[in-house]
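What follows is the residue order along each chain.
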Amino acid sequence: MPRPSKRPRPDHDEPAVPVLPDEVIVEQILTRAPAADTVRFQAVCRSWRAALTSDHFVQAYQAVREAAAHPPEIVFFVPPTAGSTAFYSSSLKQATARELVTVGNLRARDVVLSGIKPCRGLTLLFQPSENAYHVCNLSTGEHVTLPPCSPAWREITNGPCVLSSAGLGFDPAVGEHVVVRLFEDLSRRQRCEVFGLRSGGGWRPVAVPPPPHAAKGLIGLPPVFLPDDGGCFYWHINTGFNFAGSEERHHYATPEPILSLSVATGEFGWVRMPEERARHAFRLGELDGELCASLDMRLLAEQYELWVRTPAASWSLRCQISLASLPRPMRGAFGRCIRVLPLGSWGGKILLGTSRHEVYAYDPENNGVDRVFSVQEFMDAPREPDLLLNIAMHEETVASVRRRPSAGDVGRLKMKLGRSSVASRGGGTADQHRQDSTVALGATMALLRYIVNRHN
């Protein structure tokens, strides 16, 4: 990694300030500082900026976070005022939520995140109705607005359904994040375009054109991205979303309900659902690095099923969540949401996010369900979103968006770093969390005073 230069100590009669090697400060101290503070420290000098924006520092920061084994953090967003969106994060069962960023020109009611967790530290934010895409680090507030792209056809006028879907992935062959957009244009053509954050150069078509009717079953939901085998995107194609008539659904039918796109080859493929569950409604997600289909079988068997696709390209039943066996209060709370998606695993349990802005921990050993997070604990929750969820997993990270001013990718969001926290309405461990925050703030201020004394 770039090594910051060593500056001579000022020659005066005051007591000498103890000097720490710059590499020690960067490697041992700044890797433990809040991500937003590392952005401020880049202004100290050029060598610090080079060190704090290097790939080595990003990896070292991530390694420190993983070694600390913090409880999972949930990110959620709400509309603090009309036309804006505030993003907060909270550790599971903590009594405070800290404000990450507030975006003044992004409406919370129709914001969509690119997935249930960041892709190598970055998140894609977009509003299907606006046809604008932004890649953001929610920890630091750095973001980039992608160049304008072709508008997509809308099947329901002024509704949420648009024949388009965009997702964020990573191409290991060239070492850059990529945004992939599958859509039907205003000429009713099926198109798929890619934009590389590091290479820039505008939107470019994929190597192989998408299959016929590929975008007919899209409603703005993002695809699922899995990094294995060079990276692959997966879309749920369901023409029943947009066409009520059986004749139209038959005409626009696709060979299988899941479409894949390989980042490495640029080729499309079709994925078959489990034969015994092919006719049931499902939603695509990711669970522990595997493609996951969440089947909603409440009407038939009062249960959810989670199926995962193994590396051998076969499906296996991960678990069955029986609502009928849950205690009545939990059964009603967990069963009345519109949609449920897996967020990941923690402590042997599966974390499930719901469209009612709640997270439940499911124990497969005893079919037990425990609510571990709710936006309602901190503030009035917004209505259930039209498309996905208002919650996801959060990763504190210093990953850069790799700005390229020559490519025209200047950030156009009115992004403001958060400086506040919200205490839980139920109390609990708020005092301890506030004390921890005060200690962290004190350590940061002490480091700032050290830096000022050393570089003045």
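The present account deals with the structure reproduced in this document.

So, how was this worked out
- Residues numbered from 1 in each chain as written.
- Predicted model: local features only at pLDDT ≥ 70, side-chain atom pairs only at ≥ 80, totals over all residues.
- Heavy atoms only, no water.
- Helix = DSSP H or I, 4+ residues; strand = E, 2+ residues; numbered from the N terminus.
- Expected span 1.5 Å × (residues − 1).
- Buried < 20%, exposed > 50% of the residue type's maximum accessible area, 1.4 Å probe, protein only.
- Arc of directions from axis to C-beta.
- Pairing = 2+ DSSP bridges.

**A few points about helix α4 (residues 55-68)**
In a regular helix each residue adds 1.5 Å, so 14 residues correspond to 20 Å; α4 covers 20 Å between its end C-alpha atoms and thus fits that length. If you check which residues of α4 are buried, you get Phe57, Ala60 and Tyr61. Looking down the long axis of α4, one finds its buried residues gathered within 100 degrees of arc, a one-sided arrangement. Residues of α4 that are exposed and angled more than 90 degrees away from the buried face: Gln59 and Glu66.

**Points about unusual backbone geometry**
The phi torsion at His213 lies on the positive side, around 65 degrees, for a residue other than glycine. Note that His213 resides in the loop between β11 (204-205) and β12 (224-226). Since its relative accessible area comes to 24%, His213 is described here as partly exposed. Of note, the phi angle at His357 is positive, near 65 degrees, even though the residue is not glycine. Structurally, His357 can be placed in the loop between β21 (349-354) and β22 (358-363).

**Structural notes on the pairing of strand β14 (residues 258-262)**
β14 sits mainly inside the fold: five of its five residues count as buried. Here β14 shows two buried faces, one formed by Ile258, Ser260 and Ser262 and the other by Leu259 and Leu261. Looking at chain direction, strand β13 (residues 232-236) and β14 are connected through five bridges and run antiparallel. Its bridge partner being in β14, Tyr234 is matched across the sheet by Ser260. Connecting β14 to the next strand, strand β15 (residues 268-271), in antiparallel fashion are five residues, including Gly266 with a positive phi near 70 degrees.

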